[in-house]
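# Summary of structural features
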Amino acid sequence: MQNHPKLIFFDVDGTIITADHHIPSSAVRAIHAAQARGNLCIVNTGRPYAHIEPAVTAIGFDGYICSCGQYILLRDKCLLRDRPDPQLCRAIVELVRRCDLDVVYEAEEGIFFDASRPIQNRYVLKEKEHYAQLGFDVAGDIDAPGFQFDKFCVYPRPDSDLEAFTDMVSRHFQIIRREHGLLEMVKLGCSKARGIHRVIQALGAAPEDCYAIGDSTNDLPMLQAVPHSIAMGHAPEQVKAAASYITEEIGRDGLASALAHFGLC
């Protein structure tokens, strides 16, 4: 048994679950083995908690940092809920429309799309189809009084005014540039790193006992927040450069290999 429990923070997409929504059995076994040694395994994702696939939550994590640090659930206790107010959410809906962007609004209450015009971006269409198949209501009304989201993502369209959009939105949100032209918007002051710091504080843990593993640019704050950072083998070079260790790709048992490398499982 290790002298001190370790805190291990896991991204979800591309780290635990593949692009085609498969979880390697080796990853599940490694997580359970790490927990059996007294370590705490905590999801740290850009998704709202309600958007995490049941197959992921069924693994039995000890906590969840969601929406890039805007919501924290630790041992079934909510430590933090930080979201934009409804007035700002309404202003964002109008801004996105004026600037002609495809959009996905994410909230614990559901996932929302703009039904006032056809979706052009194939990734947005694919996401809408995926969540519909999971049983989510994807027809929620973003024009309803009091509409509120936690975070949102946009994809530029051919006629988008991206300059005007980024100028306005950056006053309230951090813009994370991701693959396929995706721009992910997170409330200023929130990040996966802030989530880690809140959990460390709540548990009275030592920072040197913390590990993080991810594969995307929104994982950079998380990887930079801990001394033991792990990038998946398929991660962009920018993410790999920020990590202290690079493991295999997700489909080649990357998560299990990483935990084994550090003696966590």
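Presented here is an overview of the structure given in this document.

Criteria and cut-off values
Residues numbered from 1 in each chain as written. Predicted model: local features only at pLDDT ≥ 70, side-chain atom pairs only at ≥ 80, totals over all residues. Heavy atoms only, no water. Pairing = 2+ DSSP bridges. Helix = DSSP H or I, 4+ residues; strand = E, 2+ residues; numbered from the N terminus. Axes fitted to C-alpha atoms, helices over the stretch in contact; angles between N-to-C directions. Contact = heavy atoms within 4.5 Å. Buried < 20%, exposed > 50% of the residue type's maximum accessible area, 1.4 Å probe, protein only. Salt bridge = Lys/Arg side-chain N within 4 Å of Asp/Glu carboxyl O. Phe/Tyr/Trp six-rings, centres within 6.5 Å; stacked < 30°, edge-to-face > 60°. Polar contact = N/O pair within 3.5 Å; in protein donor to acceptor, adjacent residues only side chain to side chain.

### Some details on the sheet that holds strand β6 (residues 101–107)
Strand order in this open sheet of five strands is β7-β6-β8-β10-β9, and the pairing throughout is antiparallel. The sheet terminates laterally at β7 (110–112) and β9 (173–177), the two strands that pair on one side only. Across this sheet, the average inter-strand angle for adjacent strands is 20 degrees, counted without regard to direction. Against the sheet, helix α4 (residues 122–133) makes contact with β6, β7 and β8 (151–156), and its axis sits at roughly 30 degrees relative to β6, the strand it touches most.

### Section: unusual backbone geometry
Of note in the backbone geometry, Asp-76 takes a positive phi value of approximately 70 degrees without being a glycine. Along the chain, Asp-76 falls in the loop between β4 (71–74) and β5 (77–81). Classification of Asp-76 by relative accessible area gives exposed; the value is 77%. One non-glycine residue, Asp-100, lies in the positive phi region at around 60 degrees.

### Some remarks on the pattern of salt bridges
On inspection of all chains with the given rule, the structure shows 26 salt bridges. Residue Arg-47 is joined to Glu-53 by a salt bridge in which the shortest nitrogen-to-oxygen separation is 2.4 Å. Per residue, the accessibility class of Arg-47 equals that of Glu-53, and both read buried. Through salt bridges with shared partners, one network takes in Arg-90, Glu-94, Arg-97, Asp-100, Asp-102, Asp-114, Arg-117, Asp-143 and Arg-157.

### What about the packing of aromatic side chains?
Applying the stated criterion across every chain yields a total of 17 aromatic pairs. A centroid spacing of 6.4 Å and a plane angle of 85 degrees characterise the contact between Phe-152 and Phe-165, whose relative ring orientation is edge-to-face. With Phe-152 in strand β8 and Phe-165 in helix α5 (residues 162–169), this residue pair connects regions lying 13 residues apart in the sequence. Accessibility classification places Phe-152 together with Phe-165 in one group, the buried group. Look at Tyr-245 and Phe-262: their rings are 5.6 Å apart centre to centre, the planes differ by 80 degrees, and that puts the pair in the edge-to-face class.

### What to know about the side chain of Thr-217
By the secondary structure assignment, Thr-217 is in the loop between β11 (210–214) and α7 (220–224). Engagement of the side chain of Thr-217 in a polar contact is seen with the backbone oxygen of Arg-177, the distance being 3.1 Å.

### Focus on the pairing of β5
Within a regular beta strand, the side chains point alternately toward one face of the sheet and then the other, so they alternate between its two faces. By the bridge criterion, four bridges tie β4 to β5 in an arrangement that is antiparallel. The residue of β5 that forms the bridge with Ile-72 is Leu-80.

Taken by themselves, the reported measurements are silent on function.
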